[in-house]
Structure formats: C-alpha cells, structure tokens
Amino acid sequence: MHKNRINILGTEFDNFTQDQFHKLVSTDLDNHANKFIVTPNPEIVLSARDNTRFSNIVNNADYVIPDGIGIIKGARMLGTPMHERITGFDTLMFLINQANQKHLKLYMVGAKPEVINASAARIKKEFPNIDLVGYHDGYFKDDGIIATEIAEKQPDIILVALGSPKQEYFINKYRDRCTAVWIGVGGSFDVFSGTKKRAPKVVQKLSLEWFYRLVKEPTRFGRMLAIPKYLHLIKKESKNNN
Ligand code: UDP
C-alpha cells in the first residue's frame, strides 16, 4: 500500500530528508488534509513486533518517521540506508512554528497537569498567532470527553502526548472526528514546557542523546535494554539477507 517504505523489523518507514518531510506537511496544512504522523524509535519497533494491532496502526499511518539514530543505523545495517533522523521533538517544534506562521488552531492533550499547563503558557507567550483552542492533561478516565472537545473545536493540528502505544490508539480511534494533522509526541511536552532539559547540542550531534537521558533518568534503564535487543535482531536479519 505504501510503496517505497523501508522495512525495519516489520515497521515500514518513509525515507525523506527533514526538508522534504516539512514541505509535505506544510502542504497538508495548506490543503486542510487529515494526516497521522508516527515517529517510531527502536523501542517502538520492538513493541510493534509483538503487537499486531499496534503494528497495523503504525504501518497505516500517513507518515512513519525515523525518530532516533538507532533506526538510521538499523537501516544501514540492513542494506537499505535512509536519509536522516527526524526527531519527534523537532517535528513538534516544526508544527508549532507552522501553526504560528499560518495562524492555525491547535489542540494539545497529554502529560501531567503541571506540564500541559506550562506548555500551554509557553504557546500563549511565545507563539501569539496560534489559536490554542483547547488542552488537557493525559491522565483522564474517559477519552470520549477529549474526542468530543476536539470534534467541537475542529483544530488544524492535534498534538497527543500519552506515550506509545496509547497515543497511537487514541489517534487511530478518533482521527475521523476532525480533519487535522494528528501526531503522537511521547514525552515532548516534558521538554517543551522546560520541565525536562534536552541534551546539549554537542551531545545531540554525537547522537548520544539516549545516553544523556539514561544518566538523567536511570529508571529508564529497563526500557533502554530494548536497544541492544533491537541491534541483535537487526544483525540476525542482515545475516539472513546475505
Ligand atoms: N502520559 C500521559 N498519560 C498516560 C501515560 C503517560 O499523559 O496515561 C504522558 C507522560 O506524562 C509523558 C508521556 O506521556 O509526558 C510519555 O513519556 P515517555 O517519556 O514515556 O515517552 P517517549 O518520548 O519516551 O515515547
């Protein structure tokens, strides 16, 4: 269905430069298209491997974007190199800047109450042309209430920060209620609000952001074991291909 995608352990990635991707999404916003963006990292690729429902949702998204150096490395090892990494956080910033330039309606859902409040405050202060039509923290009991609010407000861009796979399930369930660009942004509001710091530029350039996060949040160690497991599976598959 989606031709020319690059298959990494069952997840099918689009192979765009960041610039190409931004142009496509900018046109989608101008055309008022209904689009779903997912930004899988190695951990998400592994969880999709064990979860057919999640995998189908990811592979049927309109854009599947490689968030993280692990995906780029994996693609190279499999003999199907990709242009470049496009992070979820940079995509979030691109969409917010587009909303500001084009005077669009924005809706944000996810993260802890203090994080979403601080994120909304930053939008109002730094992006004055955005029409922030609503926002809600990510710890609700009834997702129908959020969906109803989205259907009423008809935003142009909907940012969903519930972590994976929750955010992708939410978008898949409700994307027909509103013609918008929908994206799952994971922990990005924690960074956007200033609650968590992103790694310094030099660490980002060296592709060691994952290491920075591990040092800052040692409880992520369990989750990070996904990376060696992922690389092991990639090695196995690349041997089979040869
Ligand atoms: N979260 C939420 N509701 C939930 C579970 C998680 O709003 O029921 C939020 C959480 O506060 C955090 C984000 O979802 O802001 C997920 O963060 P994580 O670091 O796990 O995401 P990643 O960027 O690693 O995918």
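Check the entry above for the structure.
Just so it is clear, the structure is predicted and the values come from calculations on it, not from any experiment.

Calculation rules
- Residues numbered from 1 in each chain as written.
- Predicted model: local features only at pLDDT ≥ 70, side-chain atom pairs only at ≥ 80, totals over all residues.
- Heavy atoms only, no water.
- Phe/Tyr/Trp six-rings, centres within 6.5 Å; stacked < 30°, edge-to-face > 60°.
- Helix = DSSP H or I, 4+ residues; strand = E, 2+ residues; numbered from the N terminus.
- Buried < 20%, exposed > 50% of the residue type's maximum accessible area, 1.4 Å probe, protein only.
- Axes fitted to C-alpha atoms, helices over the stretch in contact; angles between N-to-C directions.
- Parallel < 35°, antiparallel > 145°, perpendicular 65-115°, else oblique.
- Left-handed = near helix turned anticlockwise from the far one by under 90°.
- Contact = heavy atoms within 4.5 Å.
- Nonpolar A, V, L, I, M, F, W, Y, C, P; charged D, E, K, R; others polar.
- Core = buried A, V, L, I, M, F, W, Y, C linked by side-chain atoms within 4.5 Å.

Caption draft 1: Layout of the packing of aromatic side chains. The full count for this structure, using the stated rule, is eight aromatic pairs. A ring pair is formed by F21 and Y63, whose centres lie 5.4 Å apart and whose planes are at 75 degrees; its orientation type is edge-to-face. With F21 in helix α1 (residues 18–31) and Y63 in strand β4 (residues 63–64), this residue pair connects regions lying 42 residues apart in the sequence. Taking the relative accessible area as the measure of exposure, F21 reaches 0% and is therefore buried. Centroid distance W210 to F211: 5.7 Å. Interplanar angle 70 degrees. Geometry classified as edge-to-face. We classify W210 as partly exposed; its relative accessible area is 38%.

Caption draft 2: View of the packing of α1 against helix α5 (residues 88–101). One way to put it is that α1 packs onto α5 with a least axis distance of 11 Å and a crossing angle of 40 degrees. By the angle between their directions, the pair α1 and α5 is classed as oblique. For the crossing formed where α1 meets α5, the hand is right-handed. Here α1 contributes Q18, F21, H22, V25, S26 and L29 to the contact with α5, which in turn contributes D90, T91, F94, L95 and Q98. When grouped by side-chain class, the residues that make up the contact of α1 with α5 number five nonpolar, five polar and one charged.

Caption draft 3: Just the nonpolar core, in detail. Ranked by size, the top nonpolar core spans 40 residues in total, and within it I8, L9, I150, I158, F170, W182 and Y230 carry the most contacts. With near-sequence residues (within four places) excluded, W182 lies in contact with N34, K35, F36, I37, I150, I158, F170, I171, Y174 and R175. Counting residues in hydrophobic clusters, the runner-up holds 34 residues, among them I37, M93, I130 and V185.

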